[in-house]
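# Tertiary structure, described
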Amino acid sequence: MTFPRRTQVVIVGAGPSGLLLGQLLHKAGIDNVVLEQRSPDYVLGRIRAGVLEQVCVDLLDEAGVGERMHREGLVHDGIELAFGGQRHRIDLKALSGGKTVMVYGQTEVTRDLMDARRAAGLPTVYEAADVAVHDFDSTAPRVSFQLEGVRHEIACDFIAGCDGFHGVCRASVPKERITHFERVYPFGWLGILADVPPVSDELIYSNHERGFALCSMRSKTRVRHYVQCSLQDKVEDWSDERFWDELRSRLDPAAAAALQTGPSIEKSIAPLRSFVAEPMRFGRLFLAGDAAHIVPPTGAKGLNLAASDVRYLSRAFIEFYADHTEAGIDDYSRKALRRIWKAERFSWHMTSLLHKFPAGPGDTGEVGHRMQTAELDWLVHSTAGMTALAENYVGLAFED
Ligand code: RFL
Ligand code: PHB
């Protein structure tokens, strides 16, 4: 792999945030190098998000990588909420003034971005070990890393920390300059991928006394389903048969009857957390995506927030180079956090509304379940309630 000793922006992490930022900067004539600790196959093997907001779709188009998404992705006009043995449709399109969401896997988004980056001949260093960020408080930051046993260094104007929740960038900020806000939920999601047709044309979010369940999809022939599970559970505890039986038991009778089963292609457990780091800028180091925040997946916001950060950050860098102004980079953290906290609130609310909370202090256990049912019953019969959900689900507006 050849890479320059100096570039304008070093991007740490080749997940969706890093690759999308790289592509948008390249389109604007800004040089960048992406450093990723894993191999391309490993990155593509992570099964994650599936729902893209319109703004995320628009940004992928702007980056020139939307062609396959429009061909193979599924446009959804609504979602379904199931509780008390019945399903209720939320007409996202009608309630949000015509907005929809796109069902297209994060793996595919990443693959399209990787292909575009390779086709443009842009430098990406995979399997870069021991990445370290230096001198980000000066105007001459550097990033060093190890490749096949040899240490290298790249000088740059800016470092973009797109290296996820466990990355090195946020961890390199002195403790007294960063504040973390965190809530860890007392359950996880067990997800499986299987080649069977979806239960319904739209996603089903189910609140059930046995726990939350979600029927999602990747295509008309591939499903992604989730059930709420215990944090102590291991993937090995869940045979395919146990998973399908549990999912069926948490659906309304019509969906349960329509559920088709098959062998799982992938199965994994994810913990749920709400997390925000403030601020998102430290001199010439900027955090974006999961490096700065995590949402529980119930609102389908993680990847979309990553794209929203990248939108603000790419515009700030473009402004810096084109107009010689620091106004955009100075305002990045404030603008991004304003949108992030709204998505955090929505994701926390959807999580609280739909999951079974273990009995404990506060509105949990039986009281909590009654409160959830009352809220869901109100929501699906109130245009105001459904409109609020739809407006948040399809994605809130940007400041500019
Ligand atoms: P990523 O995808 O974690 O990528 C970060 C990259 O940085 C690399 N890295 C390093 N590289 C170099 N040096 C280091 N020291 C490094 N440390 C880490 C990593 O290897 C990796 O390649 O973060 P990014 O790009 O910010 O993207 C964020 C999204 O991946 C995430 O928010 C979503 O997947 C969240 N999410 C969902 N988001 C949605 O918008 N809609 C959904 O429907 C949705 N469903 C989900 C989800 C996340 C889930 N899990 C597993 C947490 C469903 C699930 C189950
Ligand atoms: C998914 O398809 O993986 C998915 C969809 C909606 C969510 C979370 C995950 O809220």
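Conventions and cut-offs
- Residues numbered from 1 in each chain as written.
- Chains lettered and ligands numbered in written order.
- Predicted model: local features only at pLDDT ≥ 70, side-chain atom pairs only at ≥ 80, totals over all residues.
- Heavy atoms only, no water.
- Helix = DSSP H or I, 4+ residues; strand = E, 2+ residues; numbered from the N terminus.
- Rg over C-alpha atoms; globule rule 2.2 N^0.38 Å.
- Buried < 20%, exposed > 50% of the residue type's maximum accessible area, 1.4 Å probe, protein only.
- Areas by Shrake-Rupley, 256 points an atom, 1.4 Å probe, with all protein chains shown as cover.
- Lys, Arg positive; Asp, Glu negative; His and termini not counted.
- Charge placed at Lys NZ, Arg CZ, Asp CG, Glu CD.
- Phe/Tyr/Trp six-rings, centres within 6.5 Å; stacked < 30°, edge-to-face > 60°.
- Axes fitted to C-alpha atoms, helices over the stretch in contact; angles between N-to-C directions.
- Parallel < 35°, antiparallel > 145°, perpendicular 65-115°, else oblique.
- Left-handed = near helix turned anticlockwise from the far one by under 90°.
- Contact = heavy atoms within 4.5 Å.
- Nonpolar A, V, L, I, M, F, W, Y, C, P; charged D, E, K, R; others polar.
- UniProt positions renumbered as here; feature names shortened; annotations may be inferred.
- Near = heavy atom within 4 Å.
- Polar contact = N/O pair within 3.5 Å; in protein donor to acceptor, adjacent residues only side chain to side chain.
- Expected span 1.5 Å × (residues − 1).
- Bend = angle between axes of the 7 residues up to and from the residue.
- Core = buried A, V, L, I, M, F, W, Y, C linked by side-chain atoms within 4.5 Å.
- Pairing = 2+ DSSP bridges.

### Observations regarding the overall build of the chain
- If you tally the helices and strands in the chain, you get 13 helices and 20 strands.
- The globule rule puts the C-alpha radius of gyration for 400 residues at 21 Å, and the 21 Å found for the chain is close to it.
- Per-residue burial for the chain yields a buried fraction of 56% across its 400 residues.
- By element, 51% of the accessible surface of the chain is carried by carbon and sulfur atoms, the whole surface being about 16900 Å².
- With 45 positive and 54 negative side-chain charges, the chain shows a separation of 1 Å between the mean positions of the two kinds.

### As for the packing of aromatic side chains
- This structure, assessed with the given rule, holds 18 aromatic pairs.
- Ring geometry for Y312 against F398: centres 5.4 Å apart, planes inclined by 70°, an arrangement best described as edge-to-face. Of the two residues, Y312 is situated in helix α10 (residues 302-323) and F398 in the segment after α13 (383-394); the sequence distance between them amounts to 86 residues. Residue Y312 shares its accessibility class with F398, and that shared class is buried.

### Quick look at the packing of helix α11 (residues 327-354) against α13
- Where α11 contacts α13, the two axes come as close as 10 Å, and the packing angle between them is 125°. Classed by the angle they form, the pair α11 and α13 counts as oblique. When the axes of α11 and α13 are compared, the crossing they make is left-handed. On the side of α11, the interface is formed by R345, F346 and M350, while α13 contributes L389, N392 and Y393.
- Among the residues forming the contact of α11 with α13, the class breakdown is four nonpolar, one polar and one charged.

### Quick notes on the UniProt feature "domain: FAD-binding" (unreviewed entry) in the chain
- Per the UniProt entry, the sites bearing "domain: FAD-binding" (unreviewed entry) are residues 6-347 in this numbering.
- Between the C-alpha atoms that bound residues 6-347 there is a distance of 40 Å. The span itself is 33% helix and 30% strand.

### A look at the site of ligand 1
- By nearness alone, 32 residues border ligand 1, and S17, E36, R46, Q106 and L303 come closest of all.
- The separation between an oxygen atom of ligand 1 and a polar side-chain atom of R48 is 2.9 Å.
- Here an oxygen atom of ligand 1 and a side-chain polar atom of D290 are 2.7 Å apart.
- Burial of ligand 1 by the protein amounts to 88% of the accessible area it has alone, namely 1000 Å².
- Looking at the shell around ligand 1, the elements with two or more residues in it are α1 (16-27) and α10.
- Residue contributions to the shell around ligand 1 peak at three residues, all from α10.
- Across the shell around ligand 1, the residue classes tally to 14 nonpolar, 11 polar and seven charged.

### Quick word on α11
- For α11, spanning 28 residues, the distance from its first C-alpha to its last is 41 Å, which sits close to the expected 40 Å at 1.5 Å a residue.
- Along its length, α11 shows its largest kink, about 35°, at S333.

### Observations concerning the site of ligand 2
- In the neighbourhood of ligand 2, 14 residues make up the surrounding shell, with Y205, S216, R218, Y226 and P297 lying closest.
- Here Y205 contributes a side-chain N or O atom positioned 2.8 Å from an oxygen atom of ligand 2.
- In the complex, 97% of the free accessible area of ligand 2, which totals 280 Å², lies under the protein chains.
- Of all the secondary structure elements, the ones that give two or more residues to the shell around ligand 2 are β15 (213-217) and β16 (223-229).
- Of the residues that constitute the shell around ligand 2, the class distribution is eight nonpolar, three polar and three charged.

### Considering the nonpolar core
- L20, L35, L52, L60, F145 and F317 are the most contacted members of the largest nonpolar core, which has 78 residues in total.
- Here the element with the most residues in this core is α10; it accounts for nine residues.
- Once you skip the residues sitting within four places of it in the chain, F145 turns out to touch F3, L35, V125, A128, A129, D130, V131, V150, R151, H152 and I154.
- F83, L95, Y185 and A390 belong to the second-largest nonpolar core, a separate cluster that totals 33 residues.

### Notes on the sheet that holds strand β9 (residues 129-134)
- Strand order in the open sheet formed by three strands is β9-β10-β11, with antiparallel pairing between adjacent strands. Where the open sheet ends on each side, the last strands, each with one partner, are β9 and β11 (150-155). Looking at each pair of strands side by side, their axes are set apart by 20° on average, direction ignored.
- Sheet analysis places strand β10 (residues 142-147) next to β11, joined by six bridges and oriented antiparallel. When the sheet's bridge partners are listed, Q146 is paired in β11 with R151.

### What to know about the side chain of T351
- Note that T351 resides in helix α11.
- Among the polar contacts made by the side chain of T351, one reaches the side chain of T298 at a distance of 2.8 Å.
- Discounting chain neighbours no more than four positions away, the residues touching T351 are Y185, F187, L272, P296, T298 and F357.

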